[in-house]
Every structure is written in C-alpha cells, then in structure tokens.
Amino acid sequence: MIEAKNLNLFYGTFQALNDISMKVPEKSVTALIGPSGCGKSTFLRTFNRMNDLIPGVKIEGEVIVDDMNVYEKGVDVDNLRKRVGMVFQKPNPFAKSIFENVAYGLRVNGVNDEKLIKQTVEESLKQAALWDEVKDNLKKSAYAISGGQQQRLCIARALAVEPTVLLMDEPASALDPISTSKIEELIHELKKKYTILIVTHNMQQAARVSDHTAFFYMGSLVEFDETKTIFTHPVKQQTQNYVTGRFG
Amino acid sequence: MKKIFEKVIEGILMLSGTVTTLTVLLIIFFLFKEGIGLFGKSPTEEGFTVAVNRENPVNELSTDQIKNIFDQNIHNWNEVGGNNDSIILFRMDDLFNYYTEEELAGIDTNMNLLTSKIDEVIDKNKGIIAFISSKEIPQNPNSKLIHIKAIGLGSFFGGKEWFPTAQPVAQFGVYPLLMGTLWVSLLAILIALPFGLATAVYMAEIASPGVRSVLKPVIELLAGIPSVVYGFFGLIVVVPLVQQIFALPVGETGLTGSIILAIMALPTIITVAEDAIRGTPRSVKEASLALGASQWQTIYRITIPYASSGITAAVILGIGRAIGETMAVLMVTGNAAVVPHSILEPMRTIPATIAAELGEAAKGSLHYDALFALGCILFIITMIVNLTVQMISGKRTRNKLR
C-alpha cells in the first residue's frame, strides 16, 4: 500500500507540490498525467526520495510505503530505494555488460552468491521480456543493444532487486512506436506482481496501460479516479479540457 | 565590400595558423638538427687527439677504455687487447718530466721543436698513450693515432657516465639522467595520484557548492605559482624535513624532488580528473542510487569507472608536467648524475641538466650538441605522453557518442 498524505514540496521558495493526498491501489497501474511542469514527476520521485538529490528541496507531509512514512527520521533510504524501483525517461544503462547491469542491484545490496545472481539475472530478463533477445550476448556491452532493448534492460535491472513498487518516469517517451508497444505490453504483465506508478505525456498510453489515472495541474492533484472515468466522464472541467486536448 | 572584408579576416586567421604551425615545426627541426650533430663525432675535444707508439698493436679504443686508462683504472695494455706493457700516461705538461728546461728552451715559439720532442718521447716509451694537440701529429713519424669509437646511439643511451667536459674524452651517457627523470617523475605521480584523485572525488561528488567554490580557485592558484617558488619552498622546508626523517647526510634527494613535483602536478590531476568525474551523466548515477546503492557505492562502482579514461588522462598529463619540470627539480634533487639505486639518493633529471649546463657549453661543441640531444629525448617523451592522452580521451568521446 503506498500513499501520500498532505504532501507539500518546495524547491527553495517555489512550491512544486501543493497538499497532495492520494492512495495508490496495489498491484495495478496508476498513471500520472498533466502538462509539463505540473509536478507529476516530482510527485513520482517522492516515493523513493529521489528528490533528496536536488539541493534546496523541502518536504512537508507524509509519504507512506509499506505502512511507513519514508520521510521520517532514521529511514534507511538505500533500503527504501531497493523496495521502490525506478525506470527513467531515457534508457540509462551502466557502461557494463548486459549481465552486470542486471546484477548491479544485487551486488550493491550485498549478494555474493554467483549462482543466485545468475538465476536472478535470468529471471529478471525474462520478466522484462528481454531474455530471448540477449541470452547469447550477456557479456556484450549494454550500449550495443537498441534503445528499446536498453529500456527493457533498465526495467529488468530494477526488477532484479525485487521491489514491490515500480516507478516509471515517461519510460517510453524516448522510444519508437514498436519499442513503446513492447514496453506497454510489459507493463500489463508486470502489474500482476508490482504496484506501478507511471508518468506519461501520452494520453493514449495512459488510457491503454493504466487502471487509475491522476490528473495534476500546477502542483495540485486535480482529479484521481479510474482511468475509464477520467477519460470519459471526468468530474472537473479542467480534466475534461486536458484529456480532450483543449490545452496541455 | 562585406565579402572582401570577410576574405581579409579569413586570410589573417589562416596566416596566423600557418605561422604558428611553421614556428613549432621550425623549433622541432632546430632541436633535432642540433641534437643529431652529436652522433658520429669523436668524443675528444676538437683539436686534440690520442696517440701511441707506432709498434703498439692497439688501433681502436672505446671512450670507456680511454677514460679508465686516464683515470688509471687500467694499468696494462693487455687489458685492452695489446701487448703486456704497462701504460704510461702522457699529457702536454708531462714534457717537462722528460726534458730539462734548457732542452726545451724556446719551445713556446718553435712548433717544430715541440713536435719532435713529443715524437721522441712517444718513440722511447713503448707503453705510452699521449693526449696531445692534433696539430703536431702529421710530422710525427714514430707515433700512431688511436681511433676512438664515435658517439653512437648505444653509448648515448646505454652509457652510465655523464661527464660532458671530461679530458681527454667526454662521456655522454644519458642513462643516469633518464633514470633520474623517470624515478623522480613516477614517484611524484605515485604520491600525487591518491591525493589528487581523493580531492577530485571530494570536489566533484561530496563537497557542497560553497566549499567547492573556495577549494577550486585555491587549487587552480597552485598551478599559477612560479616553479622557482616551489623550489625555494622545497629547499627551505622539504629538504631539511627529508634529511631529518631519514637521517641522511643531505636532504637533496630524488624523494625531495618527487614531493615538490607531486605538489606541482596536483592542480593538473585534480582539475582534469574532477572534470571527468563531473562528466558522468546524472542519469547513470541516479539509476545506481535508485537501485539502493549508497552514495559511496555509486562513486566507486559507477562514477569512477565511467570517468576512468579521463582520470587516466589526468594522471598522464600530470606525468608530462612532472617530466618537463626544470627549476624546482634543479633546486632540490641534488643533481648527481649517477644511476640511482635508492630514491633517497641525489638524482639529476634531463631538464635540470639542460638548464644547469647550457650556459657553460660553447656553441657548436660536443657538450652543446649533447644537451640538444637531451632536449630531443625530452621532446619525444612529452610527445608520447600527449599522444597517449589524445588516444585515451578520443576513446572517451567515442564511448559517449554511442
């Protein structure tokens, strides 16, 4: 169960998130949509405390992951990030082999059993629907495969540390349509096991892959409901205007 | 009108580029022309020669053999392939040991008398080896010129003695200088690398912007201090320190030079390595952190490997700086041109040799040519260093483009 309670976030004096409360349903896909700069990516990054890296960030309110406020004092951030995996906008594999990319998360978390690592790497690549394409080239550089494959490699890398939540920050925006549809199919598969939060600019994508959709505007959560409702009968006029493409 | 103006500007730019290139090529040409002049020449001073008795079977001697003969390390001709005769040294001044002043009266003005007297001495002593002016030789029927092996690459690079003004034969063995240069430079890098890398990582990854904005100008200032000031600092502070710590008779050692060079190479290493580390994309570091890696794990597993080619370039540039450094090294290393056995001995580097000796070497002399040959060696080393850096950073750009 992950949830935000009265969450406010400031970059210096600029308020990027404004009193957001939202319960994300488990083992389903929740899409975060909204125009650029609306705070959806910022909101996504509060769940694994990725915003901590930006100087001058101040956060009020609570973010609950596994019944625990992640912003409480003494929280083990490295452990939190292991439980809350993340896939970024652009494929960002490490300058290592395909195998070592997936094994990385295990190694930094203290796994030394090579047999276990091998097994986990294979499972993760299978889950990310990449195994068949790379199983003969595991030693090859991760830079040698296509962008779409790299992004699935990044998903496999995130899955290898067995998170419960997967955050995806526009995971298909840098990919061609075929790679995009592969990623979408994959998301559909993954929601059976993981709670997925996905930021997207692409309205059709949100409609295709998500069960719930949250519409953000100017740092506020305008509307949050089942995807079907958001796209067909939104309560707020703003949402209506955005999903029908009248602004954004 | 505008077109003409642009053409003129273009012409000026092209001209300055051409002039710069030509100047560089000219300098290199000059350096090598003077340096190559050393080889193939006899190592005796011009106008002098070495002669022996006509019946002596020895025709050729190497510079080392002649040096050992005149240093009285070799006493018998059979040691250099001749008869069993003990060697008698003869220099011009020794003429007065063989003749009285009356017999030699008027010798200052009468060249023929001098020649015949020398000839007489050589004739009378079977084992003699005479270092004499070459002007007297043609009329000497009883003496035979010794052929001295010319200076070649082998004796230049392999020779362990550097006595550029020694009599009767100068010795140009760069081996001790080369070793001195390499020892001092490499140790300097060994000292500078851990400090430089640690500082670079700290500045790029850990320091707050405030700390960094103070630290960076200070480190860059380090690069701007004239090297003679470093040398002075080394002489006053590091030399006594090294002497005390290791209980040495003198503090001017290779180690002292290395410490000073390490300090001097730090700004280069830190600046270049820090740039490389900062060049690691944020997205890759974020990916590592998002997998639960700690900041430190991210630094040594992702950031440093990613920046490794840049860090290598930094180190090699540091080496380049250390190898070429002259003044500070000249002041603190002790300048003994011997093959080093320990880092706590005085050493002499190639640049320090050039700086110290060029003032005394007459233009066109062997010594002068030898110093230019040293310059050529330095140039070649630096060129190799620069090419290596270019190759490595070229690889880096290719990696990034992929």
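What counts, and where the lines are drawn
Residues numbered from 1 in each chain as written. Chains lettered and ligands numbered in written order. Predicted model: local features only at pLDDT ≥ 70, side-chain atom pairs only at ≥ 80, totals over all residues. Heavy atoms only, no water. Contact = heavy atoms within 4.5 Å. Buried area = accessible area lost by both parts, 1.4 Å probe. Salt bridge = Lys/Arg side-chain N within 4 Å of Asp/Glu carboxyl O. Polar contact = N/O pair within 3.5 Å; in protein donor to acceptor, adjacent residues only side chain to side chain. Helix = DSSP H or I, 4+ residues; strand = E, 2+ residues; numbered from the N terminus. Nonpolar A, V, L, I, M, F, W, Y, C, P; charged D, E, K, R; others polar. Axes fitted to C-alpha atoms, helices over the stretch in contact; angles between N-to-C directions. Left-handed = near helix turned anticlockwise from the far one by under 90°. Domains from an automatic or database assignment.

Time to look at the interface of chain B and chain A. Put simply, an interface is often sized by how much accessible area is lost when its parts join up. Chain B puts 18 residues into the contact, and the matching count from chain A is 25 residues. Interface of chain B and chain A: buried area, both sides summed, is about 1800 Å²; carbon and sulfur atoms make up 60% of it. On the chain B side of the interface with chain A, the three residues burying the most area are Ala 290, Leu 291 and Arg 301 of chain B, jointly 34% of the side's total. At the junction of chain B and chain A, the tally comes to 1 salt bridge. Between Glu 286 of chain B and Arg 45 of chain A there is a salt bridge, with its nearest N and O atoms 3.2 Å apart. Summed over the shared surface of chain B and chain A, the number is 6 residue pairs in polar contact (both at pLDDT 80 or more). The set of elements that each furnish at least two residues to the side of chain B that touches chain A consists of α10 (282-290) and α11 (295-306) of chain B. With 8 residues, the single largest contributor to the side of chain B that touches chain A is α10 of chain B. The residue makeup of the side of chain B that touches chain A, split by class, is 8 nonpolar, 6 polar and 4 charged.

Tracing the backbone through its elements, the reader meets Thr 298 of chain B in helix α11. At a separation of 2.8 Å, a polar atom in the side chain of Thr 298 of chain B contacts the main-chain carbonyl oxygen of Ser 294 of chain B. Each residue touching Thr 298 of chain B, except ones within four places of it in the same chain, is listed here: Tyr 104 of chain A together with Lys 285, Ser 288, Leu 289, Ala 293 and Thr 303 of chain B.

Take the packing of helix α6 (residues 175-206) of chain B against helix α9 (residues 254-278) of chain B next. All names here are of chain B. Interhelical geometry of α6 versus α9 gives an angle of 35° and a closest axis separation of 6 Å. The interaxial crossing formed by α6 with α9 has right-handed handedness. For the contact of α6 with α9, the class distribution of residues is 21 nonpolar, 5 polar and 3 charged.

Next up on the list: the domain arrangement of chain B. Residue and element names in this part refer to chain B. Taken domain by domain, chain B comprises domain 1 (1-36), domain 2 (48-172) and domain 3 (175-401). A separation of 32 Å is found between the C-alpha centroids of domain 1 and domain 3. On the side of domain 3, 8 residues touch domain 1, which itself brings 6 residues to the contact. In total, about 670 Å² of surface goes out of reach between domain 1 and domain 3, with carbon and sulfur atoms giving 79% of it. Of all residues in domain 1, the largest losses of buried area upon contact with domain 3 belong to Leu 31, Phe 32 and Glu 34, amounting jointly to 68% of the total for that side. Run the count over domain 1 and domain 3 and you get 0 salt bridges. There are 0 residue pairs in polar contact (both at pLDDT 80 or more) connecting domain 1 and domain 3.

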